Amino acid sequence: MRNALGLMAASVVAAALIAAVWYWTSSPHAQLASSAPATIPAAKSEPLPPAEAAKADARDTVDLTAAIPVKFAAAAQAAPALSAQPAAPCANPDALGVSRVVEVDTTGGPGFGFENFKQLDFLQDKEVVLTFDDGPWPGNTPAVLKALADQCTKGVFFSIGKHASYHPEILRQVYAAGHTVGTHTWSHANLNSKKLTEQQVKDEIEKGFSAVKLALGTAPAPFFRFPELQHNPAAVAYLGERNVAIFSCDLDSFDFRKTSTPDKVVQTVMTKLDKLGKGIILMHDFQKHTADALPELLRRLKAGGYKVVQMKAKEPLQTLPEYDEMVMKDGGKMPVSNARPVSSVVQTVSQ
C-alpha cells in the first residue's frame, strides 16, 4: 500500500515538472528568459557646478602663497557658460545691495569707462559699478569678499593670470559668491610698452584668459582691463575681433599708491563720486588698505544714496585651445631664482 502511494506521489511530481517545462518553453515567457536581459544605461555622472565645487573647497582662512600645480590642473575642466548664482537671502536689512543687473553683449569689443571710452553711458544718476584688479591674493581678496557679502552687493574682478594660477581656490570663492570674473593679462605687463612685440601682447592677453578659465574650472566673462589703463590700439582692435569688452573706469581710487591709506581710499572715491554723480570705480583687491577701506566705503555709498549695478556678460569667453594647453603645462609653475642642485641648498646638519 505504502509503495503504491509512493509511486502515485512520484507520478504527480513528475507530471507537474513536465507541465512546467512545457509552459516555459512553449510560451512567451521562454522568449523573455532566453533573450539578453534588458539594460538601462546608468545616469552619467556630472561634475559639481563650479559654484558648488567652490563652496566645498572654500576655507575660512586662506594663507597660501605658492603655486598649486595639482589643484590648478584639477580645475582645468571646461564647463558651460557662466551662469548667475542663486542669491542667498540678505541678512543685513540696511545693506547696500544691488539695485540692478545689466547684461553686456560684448560683440565687437565695446568699451566702458569715461577715462578712455565716451560712447556707452549706461549708468543712471547715483549708480556705481565696483571693480577690483590684480587678484586673487591671500588675505586681501577674502577680506574684500567679506565686506561685499556683509553689504549683499556685487562687483567685477579683473584677475591676473599668474595670480589665478597661484591661488585658484580664492578665485573660485569670488565666482561662488556671484561676482563677475574678468581678466587683466597674464603678468600685468604694460601692453602699450614698445618693448613688447605684437605676438607678446597677444600672448599676455590670451594666457591671462586661459589661466583664469583653468583656475575657475569654467569660462570667465569676456571682460578685460588693460594694466595701468594703457590701451594699445592694436590690442584694442584684437580684443574687438575676440568679442571681449574693454574696461577703463570713471574714477580711480589710487589705492595702489604707496602713500595710500584706508581713509585716503574712502576720501578719494567719495570726493570724485560726489562730483561726477555716478561711475565705474577702479580699486584693487590685491591691496590690503583697499580691503580695510571697503566696509567704510560701502557704508558711505549707502548713506550717500548711491546704488550698485552689477555687470554680467551675455556669453562666456571663448579661450583658444593652444593657450589652454600652454598654461596647463607651464602656468602652475613658480619661477625659480637659480638652478642650484638640491644638495647645495639643503644639507643635513643633525640626525
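The structure displayed is predicted, hence computed values, not measured ones.

A. The pattern of salt bridges, seen in detail. The tally for this structure, following the rule as stated, stands at eight salt bridges. Note that Arg-100 is salt-bridged to Glu-127, the shortest N-O span being 2.7 Å. Taken as a pair, Arg-100 in strand 1 (residues 100-104) and Glu-127 in strand 3 (residues 127-133) lie far apart in primary sequence, 27 residues in all. Of the residues examined, Arg-100 reaches a relative accessible area of 24% and is grouped as partly exposed. In this structure, Lys-213 engages Asp-324 in a salt bridge whose closest nitrogen and oxygen atoms are separated by 2.7 Å. With Lys-213 in helix 8 (residues 198-216) and Asp-324 in helix 12 (residues 321-330), the pair connects residues that are 111 residues apart, well separated along the chain.

B. Representation of the nonpolar core. Residues Leu-130, Leu-294 and Leu-301 are the most contacted members of the largest nonpolar core, which totals 33 residues. Sorting the residues of this core by element identifies strand 3, helix 5 (140-150), helix 7 (168-176), helix 8, helix 10 (262-276), strand 9 (279-284) and helix 11 (288-303) as the ones contributing at least two each. Broken down by element, the residue count for this core peaks at six residues, all from helix 11.

C. Representation of unusual backbone geometry. A cis amide bond links Gly-135 to the next residue, Pro-136, at an omega of -5°. Its place among the elements puts Pro-136 in the loop between strand 3 and helix 5. In this model, Asn-243 sits at a positive phi of 60°, which is unusual for a non-glycine residue. Tracing the chain through its elements places Asn-243 in the loop between helix 9 (233-241) and strand 7 (245-247).

D. Layout of the packing of helix 8 against helix 12. Contact geometry for helix 8 and helix 12: axes closest at 8 Å, N-to-C directions at 70°. Between helix 8 and helix 12, the crossing angle belongs to the class labelled roughly perpendicular. Judged by residue contacts, Gln-199, Lys-202, Asp-203, Glu-206, Lys-207, Ser-210, Ala-211, Lys-213 and Leu-214 of helix 8 engage Tyr-323, Asp-324, Met-326, Val-327 and Met-328 from helix 12. Tallied by class, the residues present in the contact of helix 8 with helix 12 amount to six nonpolar, two polar and six charged.

Cut-offs used in this document
- Residues numbered from 1 in each chain as written.
- Predicted model: local features only at pLDDT ≥ 70, side-chain atom pairs only at ≥ 80, totals over all residues.
- Heavy atoms only, no water.
- Salt bridge = Lys/Arg side-chain N within 4 Å of Asp/Glu carboxyl O.
- Helix = DSSP H or I, 4+ residues; strand = E, 2+ residues; numbered from the N terminus.
- Buried < 20%, exposed > 50% of the residue type's maximum accessible area, 1.4 Å probe, protein only.
- Core = buried A, V, L, I, M, F, W, Y, C linked by side-chain atoms within 4.5 Å.
- Axes fitted to C-alpha atoms, helices over the stretch in contact; angles between N-to-C directions.
- Parallel < 35°, antiparallel > 145°, perpendicular 65-115°, else oblique.
- Contact = heavy atoms within 4.5 Å.
- Nonpolar A, V, L, I, M, F, W, Y, C, P; charged D, E, K, R; others polar.

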